[in-house]
Amino acid sequence: MLEDLKQKVYEANLKLVEYGLVILTWGNVSAIDRNKGLVVIKPSGVAYDKMRPEDMVVMDLSGRKYSGRLNPSSDTPTHLEIYRNFPEVMSIVHTHSPWAVAWAQAGRDIPAYGTTHADFAYGDIPCTRALTEDEVKDDYELNTGKVIVEEFGKRGIKPEECPAVLVHRHGPFTWGKDEIQAVQNSLILEEVAKMAFKTESIATLSGDSDVGIEDYLLDKHYLRKHGENAYYGQK
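A brief structural summary.

Parameters at a glance
Per chain, the residues get numbers from 1 upward, laid out in the order the sequence is written. Owing to the predicted nature of the model, reporting of local features is limited to residues with pLDDT of at least 70; listing and counting of side-chain atom pairs is limited to 80 or more, with chain, interface and lining totals taken over all residues. Derived side-chain values reflect all non-hydrogen atoms in the structure, with water molecules and hydrogen atoms excluded from consideration. Among buried residues, those of type Ala, Val, Leu, Ile, Met, Phe, Trp, Tyr and Cys that are joined through side-chain atoms within 4.5 Å constitute a nonpolar core. When a residue's accessible area, from a 1.4 Å probe over protein chains only, is under 20% of the maximum for its type it is buried; when over 50% it is exposed; and in between it is partly exposed. Helix numbers and strand numbers start at the N terminus; a helix is a DSSP run of H or I with at least 4 residues, a strand a run of E with at least 2. In this description, contact between two residues means that some pair of their heavy atoms is separated by no more than 4.5 Å. Expected span, for any helix, means 1.5 Å times one less than how many residues it has. Read the arc as the range of directions from the helix axis to the C-beta atoms. Residues are said to line a cavity or pocket when one of their atoms sits within 4 Å of a point; the points come from a 1 Å grid over protein atoms alone, cavities being sets where a 1.4 Å probe fits but cannot get out and pockets being open sets with protein on both sides within 12 Å along at least five of seven lines. Grid points are joined across faces, edges and corners, and a volume is the space filled by probe spheres set on the points. Gly falls in the polar group here, along with every residue not listed as nonpolar (Ala, Val, Leu, Ile, Met, Phe, Trp, Tyr, Cys, Pro) or charged (Asp, Glu, Lys, Arg).

## A few points about the nonpolar core
Counting residues in each nonpolar core, the largest one holds 31 residues, and the members touching the most others are F86, I110, I125, I148, L166, W175 and L189. At the level of elements, helix 2 (76-85), helix 3 (98-106), helix 6 (140-155), strand 6 (164-167), strand 7 (171-176) and helix 7 (179-206) are the ones that each hand at least two residues to this core. Among residues more than four places away in sequence, those in contact with I148 are T78, I82, F86, T128, V165, V167, F173 and W175. Ranked by size, the runner-up nonpolar core spans 20 residues in total, among them L16, L38, V40 and M51.

## Topic: helix 8 (residues 215-226)
When the terminal C-alpha atoms of helix 8 are compared, their 16 Å separation across 12 residues agrees well with the 16 Å that a helix rising 1.5 Å per residue should span. All buried positions along helix 8 are accounted for by L218, H221 and Y222. Across the axial projection of helix 8, the buried residues extend over an arc of 90°, all falling on one side. Buried residues along helix 8 sit in contact with helix 4 (115-120).

## Some thoughts on the layout of surface pockets
In this structure, the largest pocket spans a volume of roughly 590 Å³. Every residue lining the largest pocket is counted, 19 residues in all, and those nearest its centre are F120, P163, Q181, N185 and H226. Where the lining of the largest pocket is concerned, the elements lending two or more residues are helix 4, strand 7, helix 7 and helix 8. Ranked by residues supplied to the lining of the largest pocket, first place goes to helix 7 with four residues. Each residue belonging to the lining of the largest pocket can be placed in one class, and the counts come to seven nonpolar, six polar and six charged. Roughly 180 Å³ of volume is contained in the second largest pocket. As for the second largest pocket, its lining consists of 16 residues, and the residues nearest its centre are T25, G27, N28, S74 and D75. Counted by class, the lining of the second largest pocket contains three nonpolar, 10 polar and three charged residues.

Set out below in structure tokens:
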């Protein structure tokens, strides 16, 4: 069942190691077959170098295990909640990459400071509100997904215009049209988080508070890559 998608999700998980976005067993990639309504995700707590394509777990969108001998990632309910609410999302990545996690632990959005950020996302990368004690105690992973969906709805952000989010005190989730793009977005997010930290550090040292990309420059860089009249790259 879904052997091709299992292979792709397996390879995408290994890319997290190659890109230095995960250590040990931290992090996971999933992808969805929208026609079948089934999600393939990394098994929980399995070392990347021990993992095989056949170890990937298949879930339905209600959270029932469809196939697989291993337990799915503990973050599966978060992935499923995003898939249920963001129909344009085809793959999701969660890591504990240090620069993105640093912003999440601080409870801070990553501000749009320059064109590298603007090439990636149309505005700040949002950090969710903190989960309540009750939300942590009961259905923690599901409620993590719910606060992500809530944050985008509250701010009026389209998931396709900002393919990343920081969960308060936790870490980043990214997504894309396929598992390759979702992993690349995780890598880009980590670089953008690092650049933003350095920008703020330099601004603080210099006493310059006038940082942040101008709206017209943000528009230009985002829309030349992602807009209806985008002209970046090859047709």
